[in-house]
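# Examining the three-dimensional arrangement
Chain residues, written in single-letter form:
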Amino acid sequence: MESLGAVGAVLGCSACCIPVVALLLAAYKLGLFYQLFHQTETESPRHGGESVAEVLRAHGVKFLFTLVGGHISPILVACEKVGIRIVDTRHEASAVFAADAVARLSGTVGVAAVTAGPGLTNTVTAVKNAQMAESPVLLLGGGAATLLQGRGALQDIDQMSLFKPLCKFCASIRTVREIVPTLRKALAIAQSGTPGPVFVEFPIDILYPYHLVSKEFAPKTPPKGLMGSIISWYLRNHLKNLFAGAWEARDVCPLSVHIPQATEDQVQKCIELVSRAKKPVILLGSQVTLPPSPSDHVRKALEDLGIPCFLGGMSRGLLGKDSPIHIRQNRRDALKEADLVLLAGDPGSFLVRLAKGLKGHRCPEEWPQSLKVGDLTKENANRAKADEKTERHLNPIKVLHCVDELMAEDSIIVADGGDFVGTAAYIMRPRGPLRWLDPGAFGTLGVGGGFALGAKLCRPESEVWIIYGDGSLGYSVAEFDTFTRHKTPVLALVGNDACWSQISREQVPILGSNVACGLAFTDYHVVADGYGGKGYLVGREEESRLREIIMQAQKETKEGKATLLNVLIGKTNFREGSISV
């Protein structure tokens, strides 16, 4: 009986504790405990956008790309006040693409801010592209007020569910005091491990000052009775908790970033493999340009090793224009013949350590020399194709060779297209590291305007060339307005064959129809003029003046005008199996 009494006492005590625990949890969620020790400054004119600006400035952010919306106005205004340049684009995707380009070229995080709902959904493709390209991008998004989310407010959707599959980190700010620590965490995660995009949602009541938000919380007709009193108290408490401790001093400095490194055992195993190999090959991708190893150190390591290299993505240009170990053609054949293939995915520091461990050892010179002979043979054959007459308009191979010969040594090439850009990849030679930008593994069309904008802002002294297909140009030609307004003169080369040729090339022989592949020889040069740039039409009649027109376009760009060369091109067999990789 005594034991039963004890059990009863315990159960009774537990029954009493449950409501107490529930009340404590409710008090915690309502912020009551926090408010006991932290003041709500109801007279302060400050707003959450200022906290965002402080963190971004402390992290060295120089540019914020956006398409304006009322949800995010406080962020834009505050960032401009602290010296961060606000660059507004004509489409939200271009804002994220521009941030992506800045991330790639600067080695830091690129930042874009867009408004709620459709503003954010417009960025989905660009964010997915950043994820697959492993670019550290911070996307700041507006959102419906904290109390209105999920209740049918204007432009309110479940944004978190949309971005969780695309981003390394997603967070929705619930109080102003959370802004600083959440942003610091997001920026560190974007750069740690495998880099990638992160997303932070800002409900509108988090960003505006107390006196404005409080007006929105005050009901026009206060509810009456007990329930009315409870509702009124809840609203007052929610408002007070939003701003409790908002303006207390907080550390805004960057958190440490974790960058993975190969172990000593892994490096040693590779040293042993390379030292025994007679015909090694290295395949390099965009990740070779990632921090912490400077590109110049990686280049020297590769040159010391003397191993033939195939470069893809942003690693193009890493070895300069005419390196004896950079092999551009016949990749399939080289891989078949090789006795060791190094597939370097996160390679910078690893290659530097590998070269140090193999100091004094070089790949047998006859191997890269034999590959270079095949390289030159194929490139000479390709160059001969430039002299062939097309049935109408200009030979695209000739056009691309001409641009490659005339473009400045510091040029950055942005690739945005299919067939014409695929041809350009074999002909145009970036002069150095971080001078080639393409979408990466996702193969996204439409990166051109945003990538070029980010590149020109990062490297204002460099010539920035966008190589467009006429199909892909349609996605971002409106950014010529952005180039004009923000004084970022770039050069666009449009291969205009009035067709989605990369699709047509296979669709017609397989399915016997060119449906949906045909375009028109549109006056894209007139569009550029309309947006404040300078456009040139280049057809067969202008062929003899091709070099002169390109140089004139370069001159216009140096004088501050974004320039577009609308080049009418004919069909060649260059992409019909004549090029092997």
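Scope of this entry: the structure provided in the associated data block. The structure presented is a predicted model; accordingly, all values stated were derived computationally and were not measured.

Calculation criteria
Residues numbered from 1 in each chain as written. Predicted model: local features only at pLDDT ≥ 70, side-chain atom pairs only at ≥ 80, totals over all residues. Heavy atoms only, no water. Disulfide = S-S within 2.5 Å. 1 Å grid on protein atoms, 1.4 Å probe; cavity = no way out; pocket = protein on both sides within 12 Å on 5 of 7 lines; lining within 4 Å. Points joined across faces, edges and corners; volume = space filled by probe spheres on them. Nonpolar A, V, L, I, M, F, W, Y, C, P; charged D, E, K, R; others polar. Buried < 20%, exposed > 50% of the residue type's maximum accessible area, 1.4 Å probe, protein only. Helix = DSSP H or I, 4+ residues; strand = E, 2+ residues; numbered from the N terminus. Pairing = 2+ DSSP bridges. Contact = heavy atoms within 4.5 Å. Axes fitted to C-alpha atoms, helices over the stretch in contact; angles between N-to-C directions. Domains from an automatic or database assignment. Salt bridge = Lys/Arg side-chain N within 4 Å of Asp/Glu carboxyl O. Core = buried A, V, L, I, M, F, W, Y, C linked by side-chain atoms within 4.5 Å.

Evaluated as defined, the whole model comprises zero disulfides. Among the cysteines around Cys517, which has no disulfide bond, Cys499 carries the closest sulfur, lying 5.7 Å off.

Further remarks concern empty space enclosed by the protein. Across all of its chains, the model carries two cavities of 30 Å³ or more by this definition. Considering only enclosed or pocket space, the second largest cavity measures out at about 60 Å³ in volume. Along the walls of the second largest cavity sit Ile259, Pro260, Gln287, Leu290, Pro291, Pro292, Ser293, Asp346, Pro347, Gly348 and Ser349, which together make up its complete lining. Looking at the lining of the second largest cavity residue by residue, the classes come out as six nonpolar, four polar and one charged.

This next bit is on the pairing of strand S13 (residues 491–496). Of all six residues in S13, six are buried; the element is thus mostly enclosed. The two faces of S13 match: Leu491, Leu493 and Gly495 on one face and Ala492, Val494 and Asn496 on the other face are all buried. Relative to strand S15 (residues 563–568), S13 runs parallel, the two being bridged by six bridges. If you follow Val494 over to S15, its bridge partner there is Asn566.

Strand pairing in a sheet takes place through backbone hydrogen bonds and is either antiparallel or parallel in direction. If you walk across this open sheet you meet the six strands as S11-S10-S12-S13-S15-S14, and the pairing is parallel. The open sheet has two free edges, formed respectively by strand S11 (436–437) and strand S14 (534–538), since each of these has just one partner strand. Pairing between strand S12 (residues 464–469) and S13: five bridges, direction parallel. The residue bridging Gly469 from the neighbouring strand is Gly495, located in S13. Sheet contacts for helix H18 (residues 396–406): S12, S13 and S15; angle to S13, the most-contacted strand, approximately 165°. Sitting on the sheet, helix H20 (residues 448–458) is in contact with strand S10 (412–416), S11 and S12, with an inclination near 175° to S12.

Turning our eyes to something else, we now look at the layout of surface pockets. One number sums up the size of the largest pocket: a volume of about 890 Å³. Lining the largest pocket we find 39 residues, and of these Gly312, Gly313, Arg316, Ala425 and Asp438 sit closest to its centre. Where the lining of the largest pocket is concerned, the elements lending two or more residues are helix H7 (124–133), strand S8 (309–311) and helix H19 (419–427). In terms of residues, the lining of the largest pocket owes the most to one element, H19, which gives four residues. Residue composition of the lining of the largest pocket, grouped by class: 15 nonpolar, 17 polar and seven charged. Taken domain by domain, the makeup of the lining of the largest pocket includes at least three residues from each of domain 2 (264–366) and domain 3 (387–568).

Attention now goes to the pattern of salt bridges. Scanning all chains against the criterion turns up 25 salt bridges. Between Asp304 and Lys300 there is a salt bridge whose closest N-O contact spans 3.0 Å. Of this pair, Asp304 and Lys300 both sit in helix H14 (residues 295–305), four residues apart, which is roughly one turn of that helix. Residues Lys389 and Glu543 are paired through a salt bridge, measuring 3.2 Å at the closest nitrogen-oxygen approach. Here Glu543 lies in the loop between S14 and helix H25 (546–558) and Lys389 lies in the loop between helix H17 (366–385) and H18, a separation of 154 residues in the sequence. Classification of Glu543 by relative accessible area gives buried; the value is 13%. Here the salt bridges share partners, and the residues they tie into one network are Asp322, Asp404, Glu409, Arg429 and Arg431.

This part covers the nonpolar core. Within the largest apolar cluster, 51 residues are counted, with the highest numbers of intra-cluster contacts made by Phe65, Leu139, Phe163 and Leu437. Broken down by element, the residue count for this core peaks at nine residues, all from helix H5 (residues 92–106). Taken domain by domain, the makeup of this core includes at least three residues from each of domain 1 (48–243) and domain 3 (387–568). Excluding residues within four positions of it along the chain, Leu139 makes contact with Val96, Ala112, Val114, Leu120, Thr123, Val127, Phe163, Val198, Phe199 and Val200. Grouped together as the second largest cluster of nonpolar side chains are 42 residues, Ile86, Val109, Val176 and Phe243 included.

Time to look at the environment of Ala26. If you trace the backbone, Ala26 turns up in helix H1 (residues 2–29). A residue is classified by how much of its surface remains accessible, and Ala26, at 35% relative accessible area, is partly exposed. Spatially, the C-alpha atoms of Ala26 and Glu80 are 40 Å apart, while their sequence positions differ by 54 residues.

This part covers H20. With respect to burial, H20 is a largely interior element, 10 of its 11 residues being buried. What H20 keeps buried is the set Gly448, Gly449, Gly450, Phe451, Ala452, Leu453, Gly454, Ala455, Lys456 and Leu457.

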